[in-house]
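A structural walkthrough
Listed below are the residues making up each chain.
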Amino acid sequence: MKREKSEALFEKAKKYFPGGVNSPVRAFRSVGGTPLFIQKGKGSHIWDADGNEFIDYCGSWGPLILGHANAKVVDAIKKTVENGSSFGAPTALENELAELILSNNKYIQKIRFVSSGTEAVMSAIRLARGYTKRNKILKFEGCYHGHSDSLLVKAGSGLVTFGNTSSAGVPESFVNETIVVSLNNEVAVKQAFAEFKDQIACVIIEPIPANNGLLLQRKEYLQFLRDICTENKTLLIFDEVINGFRIGFEGAAGYYKIHPDIITYGKIIGGGLPVGMYGASAEIMSNISPEGNVYQAGTLSGNPVAMAAGIAQLTECLKPNFYQDLEEKTQFLIEKIKSHLPSSIIPFNIFSIGSIFWIAFTDKEVVRSAEEIDADSMKYFRVLHKELLERGIYLGPSGYEVGFVCEAHNEDDLVKTAKAFGEALEIAMK
Ligand SMILES: *Cc1c(COP(=O)(O)O)cnc(C)c1O
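All figures in this text were calculated on a predicted structure; none of them were measured in a lab. (Residues numbered from 1 in each chain as written. Predicted model: local features only at pLDDT ≥ 70, side-chain atom pairs only at ≥ 80, totals over all residues. Heavy atoms only, no water.)

1. Some remarks on the sheet that holds strand β13 (residues 276-280)
One open sheet accounts for 8 strands, arranged β4-β13-β12-β11-β10-β5-β9-β7; its pairing is mixed. At either end of the open sheet lies a strand with only one pairing partner, and these are β4 (110-114) and β7 (161-162). Judged from the 4 bridges that link them, strand β10 (residues 200-205) and strand β11 (residues 235-239) form a sheet pairing that is parallel. Among the inter-strand pairings, Val 203 is bridged to a residue of β11, identified as Leu 236. Where helix α7 (residues 219-231) meets the sheet, its contacts fall on β5 (136-140), β10 and β11, and the angle it forms with β11 comes to roughly 145°. (Pairing = 2+ DSSP bridges. Helix = DSSP H or I, 4+ residues; strand = E, 2+ residues; numbered from the N terminus. Contact = heavy atoms within 4.5 Å. Axes fitted to C-alpha atoms, helices over the stretch in contact; angles between N-to-C directions.)

In structure tokens:
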């Protein structure tokens, strides 16, 4: 496989950007080698600068549920941008996307559009603090909520801890407002509420944690969080930036039938353009400026071109059987991969929900917390990733990342992928 052009582009990029990239995981640090510079995408396929073709399961890290350059999304973008790209004044397109979402989601009544998942979560946290007039937040080890200061905090040692910053530049004083506990641990959450009585503004969780492996939670656990939040007048935030519109139009709230107080969305909502959103009851949302005193704003919020792309994409998601078909394809892929498994003593499993899947070198039947992931097993993923690239299959470049099946993947793609997996796993497990 030729890599010269990607390599030359990466050399140049390193002069302009730290590590040669504008978002760290793109740098291929955890799998080694040079990141591929992508030239174009169509449907389920992408092409790099050297002309190599890949079947793509990264999908821009989740947003592209219809695949690349979907005709309806592209048309909507073109039509809209002809009339201008941004006004900083309201447009009817914002109403249209809001109506599409709210009339099909009974868990939220009012929303605010922003420009990224990070912004959605950061704003939701501020809203929770403003609403409850409390400062502390509780998060879980192994959930990612974007890169705002209060959330770049990882667990310290102990059952209930204030975390340690997971990034330089986050003040210690911020960390002291963020409590971090393990997923799937009721005792730790109960202890946190006992220790910090009447101080916790919100509990934030990825209800389907999919940024550090796929750590599927028990419904009972999510219900437990709902109940303990209600008892303590703490808001429950579901961060559905990755799973929203991915496992069903109502995301995890609809899947588990649990009503959080605030929900954040991103990724799929913008049809591949930068859109985030947070939503809640009309009562909670009335605290947002200019109605209330929690300030939050954005020059490009509700951007018309991005709204049009979102409308086009979400309209497709609402078609009958859309999610069922995606899930069936995903199950087909997983079963095919398993049928090609080499005989080896190295344990291997694929976890999935809807059209999200995670490749794990583990003998565990369920993995519910970050602590259960064996960091050492990532060495197998490194080889798998490299060998799959050689065979024209593109996965996100980290064993902690999940893969996504999109509407554009067809049977031929899935069969080819499974065969490539068989060969690549054979090498990875040697
Ligand atoms: C991707 C993601 C974010 C951050 O979104 P960005 O658009 O990258 O800022 C936040 N929360 C979750 C659950 C995510 O998956």
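2. What about the site of the ligand?
Close contacts around the ligand come from Ser 116, Gly 117, Thr 118, Tyr 144, His 145, Gly 146, Glu 206, Asn 211, Asp 239, Val 241, Ile 242 and Lys 267, and that covers them all. At 2.9 Å from an oxygen atom of the ligand is found a main-chain nitrogen or oxygen belonging to Gly 117. Here an oxygen atom of the ligand sits 2.9 Å away from a polar atom, N or O, in the side chain of Asn 211. Contact with the protein chains removes 82% of the 380 Å² of surface that the ligand exposes when unbound. Tallied by class, residues from the shell around the ligand come to 3 nonpolar, 6 polar and 3 charged. (Near = heavy atom within 4 Å. Polar contact = N/O pair within 3.5 Å; in protein donor to acceptor, adjacent residues only side chain to side chain. Areas by Shrake-Rupley, 256 points an atom, 1.4 Å probe, with all protein chains shown as cover. Nonpolar A, V, L, I, M, F, W, Y, C, P; charged D, E, K, R; others polar.)

3. What about the nonpolar core?
Among the nonpolar cores identified, the biggest contains 109 residues, and Phe 113, Phe 140, Leu 314 and Leu 384 are the most heavily contacted of them. Each of domain 1 (4-69 + 321-428) and domain 2 (71-317) gives at least three residues to this core. Leu 127, Leu 235, Ala 280 and Val 294 belong to the second-largest nonpolar core, a separate cluster that totals 21 residues. (Core = buried A, V, L, I, M, F, W, Y, C linked by side-chain atoms within 4.5 Å. Buried < 20%, exposed > 50% of the residue type's maximum accessible area, 1.4 Å probe, protein only. Domains from an automatic or database assignment.)

4. Some thoughts on helix α2 (residues 71-81)
Inspection of α2 places Val 73, Ala 76 and Thr 80 among the buried residues, and these make up the whole buried set. The buried residues of α2 occupy one face: seen down the axis, they fall within an arc of 65°. Exposed side of α2, more than 90 degrees from the buried face: Lys 78 and Lys 79 are the residues found there. In this structure, the buried side of α2 is in contact with α3 (92-102) and α10 (304-317). For α2, the N-terminal cap is Asn 70; the gap from its side-chain oxygen to the backbone nitrogen of Lys 72 is 3.0 Å. (Arc of directions from axis to C-beta.)

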